Amino acid sequence: MALQVGIVGLPNVGKSTLFNALTSAKAEAANYPFCTIDPNVGVVTVPDPRMDKITQFIKPQSVIPTVMEFVDIAGIVKGASQGEGLGNQFLTHIRNTDAIVHVVRCFDDPNIIHVSGSVDALRDMEVINTELMLADLDSVEKKLQKSEKMAKSSTDKKVKIEFEVVKKIHTALSAGKPARSVELDEIEMPFYKEMHLLTAKPVLYACNVSDSDFAKGGNQWVRDVEARAKEENNKTIMICSAMEAEISQLAPEERKEFLDSMGATEPGLNRLIREAYALLGLQTYFTAGEKEVRAWTIRAGTKAPQAAGVIHTDFEKGFIRAETYHCEDLFALKSEAAVKEAGKYRSEGKEYIVKDGDVLFFRFNV
């Protein structure tokens, strides 16, 4: 499941510093997958402490976590939707992602020029959000004209439903509201998804602060962003890109000492990755045995056969049942044998909805 999260923001907000920290934070185990597949695309592991716990009770030959892709998108400037800066190039990059991490500058530094001359977190947020909405509005207006003509001349119900969906989205965008604010039913959703709108993507605001403000728990700019995000029903995370870049370059032992001195148990990047993972509506299940302990990514609400299909399509086609227990049962009871003795080891059928943290073994026949 190759899912991408785009990192966006104005120039000089710490966006690329954050991306570089993400893609240079080497995993501590050599068999953790990591690569940079393009100068501005990095594949990073999703930190999950449960994997380490599982390996305490099931000793595998290898450990394979799940991964996700981060895309560093060129700085967006006011007027980008009309071709300013890199114009349509950034639009294409964002359109191909599944979610957005919007980096907001919440620090003041006279040595780092701000494109607007001063730091104003809410104004900066508005610039990016407005450009995305204007870009969507432009594409929706074109689609509306075409869709209206087809709806008038066609008796096809699907054509008429599509027109109603486009009209609803156009109304919202014209009022300065993102596409994701539009309420649609199950019949309308497929038409909505086909439009690949920029403002349909879920957003996580990353408040980039100085190391001193990070130690103090933030500043007024951070509180302003948090309040606005709450109004939008979006989430925020506070991070210091410069500090994270420094942490990512340290050896594992030095990294632990640095975090201990900061009173932290893990890098802020770990929290960012997990928040982005959750933003996409994703969850993890595990397969565990002597050969390997591995994490698999599925969307919340996925049934057992489809979860099996993530491993191999044959698993889904020939699905018989899933033998499962939750990783928390393993942690409490210390062994699979004890889990079975306690009656926590279950056999589930095709309608079983996989839970985050399930350990699964699939029975199938093809």
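Since the model is a prediction, treat every value here as computed from it, not as a measurement.

Below, the discussion takes up the environment of Met238. Mapped onto the elements, Met238 comes out in strand β8 (residues 235-239). Accessibility expressed as a relative area gives 17% for Met238, which makes it buried. Along the primary structure Met238 and Ala206 are separated by 32 residues, whereas in three dimensions their C-alpha atoms are 5.8 Å apart. With residues near it in sequence (within four places) discarded, Met238 still touches Cys207, Val209, Phe214, Gly217, Gly218, Val222 and Arg271.

Their axes nearest at 9 Å, the elements helix α4 (residues 121-153) and helix α8 (residues 220-232) cross at an angle of 40°. Regarding the angle of α4 to α8, the classification is oblique. Across the interface between the two elements, Ala121, Leu122, Met125, Glu126 and Asn129 of α4 pack against Trp221, Asp224, Val225, Arg228 and Glu232 of α8.

All right, on to the packing of α4 against helix α5 (residues 157-174) then. Two numbers describe how α4 lies on α5: the axes approach to 9 Å, and their chain directions differ by 150°. On the basis of the axis angle, α4 is roughly antiparallel to α5. Viewed along their axes, α4 and α5 form a crossing whose handedness is left-handed. Note on element contacts: α5 touches α4 through Val159, Lys160, Glu162, Phe163, Val166, Lys167, Ile169, His170, Leu173 and Ser174, opposite Met133, Asp136, Leu137, Val140, Glu141, Lys143, Leu144, Ser147, Glu148, Met150 and Ala151. Of the residues that constitute the contact of α4 with α5, the class distribution is 11 nonpolar, 3 polar and 7 charged.

A word on α5. Its 18 residues place the ends of α5 26 Å apart at the C-alpha level, agreeing with the 26 Å of an ideal helix rising 1.5 Å per residue. Along α5, the residues that are buried comprise Val159, Glu162, Phe163, Val165, Val166, Ile169, His170, Ala172 and Leu173. The opening residue of α5, the one whose side-chain oxygen lies 2.9 Å from the backbone nitrogen of Lys158, is Asp156. A positive backbone phi angle near 80° is found at Gly176, which sits one or two residues after α5.

Applying the stated criterion to the full structure yields 18 salt bridges. Put simply, Glu148 and Lys152 hold a salt bridge, and the shortest N to O gap is 3.9 Å. Of this pair, Glu148 and Lys152 both sit in helix α4, 4 residues apart, which is roughly one turn of that helix. Overall, Glu148 belongs to the partly exposed group, its relative accessible area being 33%. A salt bridge links Arg321 to Glu323; its shortest N-O distance comes to 3.3 Å. Relative accessible area serves as the criterion here: at 32%, Arg321 is assigned to the partly exposed category.

In this section: unusual backbone geometry. The backbone phi angle of Asn12 is positive, close to 65°, even though this residue is not glycine. You can call Asn12 partly exposed: its relative accessible area is 41%. One non-glycine residue, His196, lies in positive phi territory at about 50°. By secondary structure assignment, the location of His196 is in the loop between α6 (189-194) and β7 (203-208). The class of His196 is partly exposed, set by a relative accessible area of 47%.

How each quantity is defined
Residues numbered from 1 in each chain as written. Predicted model: local features only at pLDDT ≥ 70, side-chain atom pairs only at ≥ 80, totals over all residues. Heavy atoms only, no water. Helix = DSSP H or I, 4+ residues; strand = E, 2+ residues; numbered from the N terminus. Buried < 20%, exposed > 50% of the residue type's maximum accessible area, 1.4 Å probe, protein only. Contact = heavy atoms within 4.5 Å. Axes fitted to C-alpha atoms, helices over the stretch in contact; angles between N-to-C directions. Parallel < 35°, antiparallel > 145°, perpendicular 65-115°, else oblique. Left-handed = near helix turned anticlockwise from the far one by under 90°. Nonpolar A, V, L, I, M, F, W, Y, C, P; charged D, E, K, R; others polar. Expected span 1.5 Å × (residues − 1). Polar contact = N/O pair within 3.5 Å; in protein donor to acceptor, adjacent residues only side chain to side chain. Salt bridge = Lys/Arg side-chain N within 4 Å of Asp/Glu carboxyl O.

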